[in-house]
Amino acid sequence: MARPLKQGLNYFPLDVDIDQDDKTQLVEAIHGNTGFYVLIKLLMKIYKEGYYYPWTESEQLLFSKRVNVDINTTQAIINDCIKYGVFSSRMHNEHQILTSKGIQDRFFEACKRRKSIDIIKEYLLSDVSELVNVNIYSKNVDINPQAEEVNEYISTQSKGKETKEKENIKKPKKNRHLDAVFLTTDEYKRLVDDYTAFVVDSKIEDLDNYIGSTGKKYKDHNKTLRGWLKRDHPVTTTVKAAAEKPKEFVLNMNAGEG
């Protein structure tokens, strides 16, 4: 498997009074300076990787070795970090990762100027609705080779090459139309079959222009386009009308858009 592209940060903000935070103080009260040391080292590791860090047996052993702290002590410290809310217990229990809303907020704030940020939707705790450079994927779906970091740990821990190939078959590749519209080959063909290429291409251009001018994001461009087309004309009359007077038909359709 190709090595994933770097997604983490070269540096991260650390509050000068982090040791005064109640959650941090609880961990330090139980584990002393070692607890605080392990927590800071783990935050460094998380931000180096991105906005979360897998916390399976192999990562626990490797991290413990890197920080030169006994594995049992490390596990006890992290368990208390989870217990007292330093890390999300839900994310740990459901996905075996260490993250929190605060970690994600700081990470996405630091990445606002990046051209693209890949996010696993199941791991998301932060609100990214204001970001325009976010690509959200399911953790069980392979994406293009330039973004393999999204499912690196899943594929290495529980999925072999054969499983990944099957997933690629289940999830057809979306092709780019103009600058910002994405459709699978089958989605585009079905739209053309229902509305003709002339009408569909015109509506794709409308959607592309709208996304470009407003920055609005749509989860499913196929459904958006079909909704716009269905709103303007039923399928039963579209093909005939567009075939007879395509330019006039498109003008009429566009005139009805709100």
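Cut-offs applied
Residues numbered from 1 in each chain as written. Predicted model: local features only at pLDDT ≥ 70, side-chain atom pairs only at ≥ 80, totals over all residues. Heavy atoms only, no water. Helix = DSSP H or I, 4+ residues; strand = E, 2+ residues; numbered from the N terminus. Buried < 20%, exposed > 50% of the residue type's maximum accessible area, 1.4 Å probe, protein only. Contact = heavy atoms within 4.5 Å. Areas by Shrake-Rupley, 256 points an atom, 1.4 Å probe, with all protein chains shown as cover. Expected span 1.5 Å × (residues − 1). Bend = angle between axes of the 7 residues up to and from the residue. Salt bridge = Lys/Arg side-chain N within 4 Å of Asp/Glu carboxyl O. Pairing = 2+ DSSP bridges. Core = buried A, V, L, I, M, F, W, Y, C linked by side-chain atoms within 4.5 Å. Phe/Tyr/Trp six-rings, centres within 6.5 Å; stacked < 30°, edge-to-face > 60°.

Undergrad: Any chance you could explain the overall build of the chain here in plain terms?
TA: Secondary structure assignment for the chain yields twelve helices and six strands. Out of the 258 residues in the chain, the part that is buried amounts to 40%. When contacts within the chain are restricted to residue pairs at least 6 apart in sequence, those whose partners lie at least 24 apart make up 57%. Surface accessibility of the chain: about 15,500 Å² in total, with carbon and sulfur atoms responsible for 50%.

Undergrad: Hey, could you run me through helix 1 (residues 22-49) in this one?
TA: Because each turn of an α-helix spans 3.6 residues, side chains separated by three or four positions in sequence point in the same direction. Taking 1.5 Å per residue, 28 residues should reach 40 Å; helix 1 reaches only 26 Å between its end C-alpha atoms and comes up short. At His31, helix 1 shows its largest kink, close to 135°. Those residues of helix 1 lying buried are Thr24, Val27, His31, Gly35, Val38, Leu39, Ile40, Leu42, Leu43, Lys45, Ile46 and Tyr47. Looking at the buried positions of helix 1, the neighbouring elements they touch are strand 1 (53-54), helix 2 (57-67), helix 3 (71-83), strand 2 (97-98) and helix 5 (101-110). Gly50 sits one or two residues past helix 1 and shows a positive phi near 155°.

Undergrad: What's the story with the pattern of salt bridges in this structure? I'm lost.
TA: According to the stated counting rule, one finds nine salt bridges in the structure shown. Between Lys45 and Glu49 there is a salt bridge, and its shortest N-O distance comes to 3.1 Å. With Lys45 and Glu49 both in helix 1 and four residues apart, the pair spans about one turn of that helix. Relative accessible area serves as the criterion here: at 16%, Lys45 is assigned to the buried category. The salt bridge involving Lys189 is made with Asp193; its shortest N-O contact spans 3.1 Å.

Undergrad: Before we go on, may I ask you to explain the environment of Ile97 in this structure?
TA: Turning to its location among the elements, Ile97 is positioned in strand 2. A sequence separation of ten residues divides Ile97 from Phe87, and the C-alpha atoms of the two residues are 9.1 Å apart. The residues contacting Ile97, other than those within four sequence positions of it, are Tyr52, Tyr53, Pro54, Trp55, Met91, His92 and Tyr123.

Undergrad: Would you mind going over the pairing of strand 3 (residues 117-120) with me for this structure?
TA: Residues in a regular strand project their side chains so that they alternate between the two faces of the sheet. Of the two faces of strand 3, both are covered, the one formed by Ile117 and Ile119 as well as the one formed by Asp118 and Ile120. Pairing of strand 3 with strand 4 (residues 134-137) involves four bridges; the strand directions are parallel. By the bridge assignment, Ile117 is partnered in strand 4 with Val134.

Undergrad: Would you explain the nonpolar core in this entry?
TA: General note: in soluble globular proteins, nonpolar side chains tend to be found buried as a group. Judged by nonpolar contacts, the single largest core of 36 residues is most densely connected at Leu42, Tyr51, Phe87, Leu98, Phe107 and Phe108. Taken together, the elements giving at least two residues each to this core come down to helix 1, helix 2, helix 3, strand 2, helix 5 and strand 3. Tallying contributions element by element places helix 1 first for this core, with eight residues. Leaving out residues up to four positions away in the same chain, Phe107 has contacts with Gln7, Gly8, Leu9, Tyr47, Gly50, Tyr51, Arg114 and Ile117. Residues Val181, Leu191, Ile204 and Leu229 belong to the second largest nonpolar core, which totals 13 residues.

Undergrad: Looking at this model, I keep getting lost on the pairing of strand 5 (residues 174-177). Mind explaining?
TA: Note that strand 5 and strand 6 (residues 181-184) share four bridges and pair antiparallel. Its bridge partner being in strand 6, Arg176 is matched across the sheet by Phe182. Where strand 5 folds back on strand 6, the antiparallel hairpin that results is connected by three residues, among which Leu178 adopts a positive phi of roughly 60°.

Undergrad: Which parts of the structure should I look at to understand the packing of aromatic side chains?
TA: Any aromatic ring pair is given by two values, namely how distant the centres are and how the planes are angled relative to each other. What the rule picks out here adds up to eight aromatic pairs. Among the aromatic residues, those joined into a ring-pair cluster are Tyr51, Tyr52, Phe107, Phe108 and Tyr123.

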